[in-house]
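Below, each chain spelled out in residue letters.
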Amino acid sequence: MNLNKSLLAMAAVGLSVAPANAALILSQGAIGVIDANDTVICDGVTDCGGALTGNYINFTTSVPGQAAALPGNNTSQIAVRGSDRAAILAVDSLVSSFSFDWGSVDRYNSINIFTSTGDFTVTGGDLPPANGDQSSFGTNFRFTAQFDAPTFLEDIQFVSTRNSFEFDNVSIAAVPEPATWAFMILGFGAIGGAMRRQRKANVKLSYA
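Just so we're clear, the structure is a prediction, and the values are computed from it rather than from any experiment.

## Some points on the packing of aromatic side chains
Scanning the model with the defined rule gives 14 aromatic pairs in all. Arranged with centres 6.4 Å apart and planes meeting at 55°, the rings of Phe98 and Phe143 form a pair that is tilted. With a gap of 45 residues between them, Phe98 in strand 7 (residues 86-103) and Phe143 in strand 10 (residues 141-160) connect regions that are remote in the sequence. Comparing Phe98 with Phe143, the two get one shared label, buried. Summarising the aromatic geometry, the rings of Phe100 and Phe165 are spaced 6.3 Å apart at their centres and angled 45° between planes, so their arrangement reads as tilted. Taken together, the residues span a long stretch of sequence, with Phe100 in strand 7 and Phe165 in strand 11 (residues 165-174) at a distance of 65 residues. Cluster of aromatic residues (ring-pair linked, three or more members): Phe98, Phe100, Trp102, Phe120, Phe141, Phe143, Phe147, Phe158, Phe165 and Phe167.

Here it is in structure tokens:
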């Protein structure tokens, strides 16, 4: 199956995995394709600036019996093995979504998503076929979790009970805090006023 057909086959999935009046929409896309508006907060290098804690390994090429490199990725990646159990990424930001490259998805992989308003859990089984294939586009993809409203994302916990949960390039679509929005609106107003004054200053009148 070619890439385009594979991506068409991977439909977005809506899950009721949160408290009432909340929703999380999951989608899958081409591995390694990061949205231009996203900010990468963990690129697989060591502890991601101190934000990543818990137990995990960093690797670049496949480690037999432990971790499989994500297709087309020859940079540092992260794997949570069965003996590691979990790695936790601190985010502490208001976001509309987050994404990451997820390799060889298995049913024993899971993500716990902690927010200020409630928690979510997504398992590999929510994203079939989840059979651990190390090369198929169906089990190696860019995973995106979209919140139905701006949400304060506290932590993302990557969990695996067997070898392994491989991931890289975690990114967020940040939402400005209300105070930031206010300053932005004031700033846009000031810019607009300056532009209006500039346009008036450049008006040329001609008389018959």
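From this point on, the discussion continues.
## A look at the state of the cysteines
Note: disulfide means a covalent bond formed between the sulfur atoms of two cysteine side chains. One pass over the structure, following the stated rule, counts one disulfide. Note on cysteine connectivity: Cys42 is disulfide-linked to Cys48, with sulfurs 1.9 Å apart. A torsion of 55° about the S-S bond marks the disulfide between Cys42 and Cys48 as right-handed. Side by side, Cys42 and Cys48 carry an identical accessibility label, which is buried.

## Re the confidence of the model for the protein chain
On average, residues of the protein chain score 83 in pLDDT, and 74% of them are at 70 or above. Across residues 194-208 the pLDDT falls below 50, and counting only partners more than four positions away or on other chains, this stretch makes zero contacts in the model.

## Focus: the environment of Asn169
Note that Asn169 resides in strand 11. A relative accessible area of 17% places Asn169 in the buried class. With 135 residues separating them in the primary sequence, Asn169 and Ile34 have C-alpha atoms 8.2 Å apart. Each residue touching Asn169, except ones within four places of it in the same chain, is listed here: Ile34, Val40, Cys42, Asp43, Asn73, Ser99, Phe100, Asp101 and Arg142.

Reading the values: the criteria
- Residues numbered from 1 in each chain as written.
- Predicted model: local features only at pLDDT ≥ 70, side-chain atom pairs only at ≥ 80, totals over all residues.
- Heavy atoms only, no water.
- Phe/Tyr/Trp six-rings, centres within 6.5 Å; stacked < 30°, edge-to-face > 60°.
- Helix = DSSP H or I, 4+ residues; strand = E, 2+ residues; numbered from the N terminus.
- Buried < 20%, exposed > 50% of the residue type's maximum accessible area, 1.4 Å probe, protein only.
- Disulfide = S-S within 2.5 Å.
- pLDDT = per-residue confidence, 0-100.
- Contact = heavy atoms within 4.5 Å.

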